[in-house]
Amino acid sequence: MENQYSDFKYYMQDVGSLYFGACYDYTELMEHEMVPFKFKSIIEHYIMKDTQADTTLESQFYYMTKEDFSYKTYAQLKTKVKFCQLEEKKSFFGKTKVAYQNKVLPLDQFVQLNLAQKKKYGVKIQEIILSKLAMMSFSV
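Residues numbered from 1 in each chain as written. Predicted model: local features only at pLDDT ≥ 70, side-chain atom pairs only at ≥ 80, totals over all residues. Heavy atoms only, no water.

## Some thoughts on the pairing of strand β2 (residues 17-21)
Inference 1: The buried fraction of β2 is high, at 5 of 5 residues.
Inference 2: Burial along β2 is two-sided: Ser 17, Tyr 19 and Gly 21 facing one way and Leu 18 and Phe 20 facing the other are all buried.
Inference 3: Both strand β1 (residues 11-13) and β2 contribute to a ladder of 3 bridges, which runs antiparallel. Residue pairing for β2: Tyr 11 is matched across the bridge by Phe 20.
Inference 4: Between the end of β1 and the start of β2, which pair antiparallel, lie 3 residues.
Inference 5: By the bridge criterion, 5 bridges tie β2 to strand β5 (residues 124-131) in an arrangement that is antiparallel. Bridged to Ser 17 within β5 is Ser 131. (Buried < 20%, exposed > 50% of the residue type's maximum accessible area, 1.4 Å probe, protein only. Helix = DSSP H or I, 4+ residues; strand = E, 2+ residues; numbered from the N terminus. Pairing = 2+ DSSP bridges.)

In structure tokens form, the structure reads like this:
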């Protein structure tokens, strides 16, 4: 079963962002040698205030509310959430088909979706995107 989810455990970066596969839990992120030390420090000092070490990023963001301390921390990091959800599309011939569509939303917009909406639209979180510039200016 673990191999099935290993594709969603990745870390990448480009010039402006850090990308984390949503199936990582915080213990794995802390042990991953490529994850930047500053992000590990942020996890240790801020995120772990209201989060268990075995919580996955997917679970953390799926149930996150604006009242959570972790929300405030991730908001400072200019976080975006990449996810897919079911959407109905009408074809040229008038048939309706349902398919998953990928979306990327800033964290504040994503948490505005309540739990019922997330369940209704079959939201599946794929990736968490952090701004390098925001992380650079974050004081630990």
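## Considerations on the packing of aromatic side chains
Inference 1: Under the definition given, this model contains 7 aromatic pairs.
Inference 2: Where Tyr 46 meets Phe 138, the ring centres are 5.2 Å apart and the plane angle is 85°; that geometry is what we call edge-to-face. Here the residue Tyr 46 occupies a position in the loop between α3 (37-45) and α4 (57-62), and Phe 138 occupies one in the segment after α8 (132-137), the gap between them amounting to 92 residues.
Inference 3: Taking relative accessible area as the criterion, Tyr 46 reaches 21% and is therefore assigned partly exposed.
Inference 4: Among the aromatic residues, those joined into a cluster by ring pairs are Tyr 11, Phe 20 and Phe 39. (Phe/Tyr/Trp six-rings, centres within 6.5 Å; stacked < 30°, edge-to-face > 60°.)

## Observations regarding the pattern of salt bridges
Inference 1: In this structure the tally under the stated criterion is 2 salt bridges.
Inference 2: Residue Glu 28 pairs with Lys 9 through a salt bridge whose shortest N-O separation is 2.7 Å. Of the two residues, Glu 28 is situated in helix α2 (residues 26-31) and Lys 9 in the loop between α1 (2-5) and β1; the sequence distance between them amounts to 19 residues.
Inference 3: For the salt bridge of Lys 103 with Glu 87, the shortest nitrogen-to-oxygen distance reads 3.1 Å. With a gap of 16 residues between them, Lys 103 in strand β4 (residues 96-106) and Glu 87 in strand β3 (residues 80-90) connect regions that are remote in the sequence.
Inference 4: Overall, the relative accessible area of 22% leaves Glu 87 in the partly exposed class. (Salt bridge = Lys/Arg side-chain N within 4 Å of Asp/Glu carboxyl O.)

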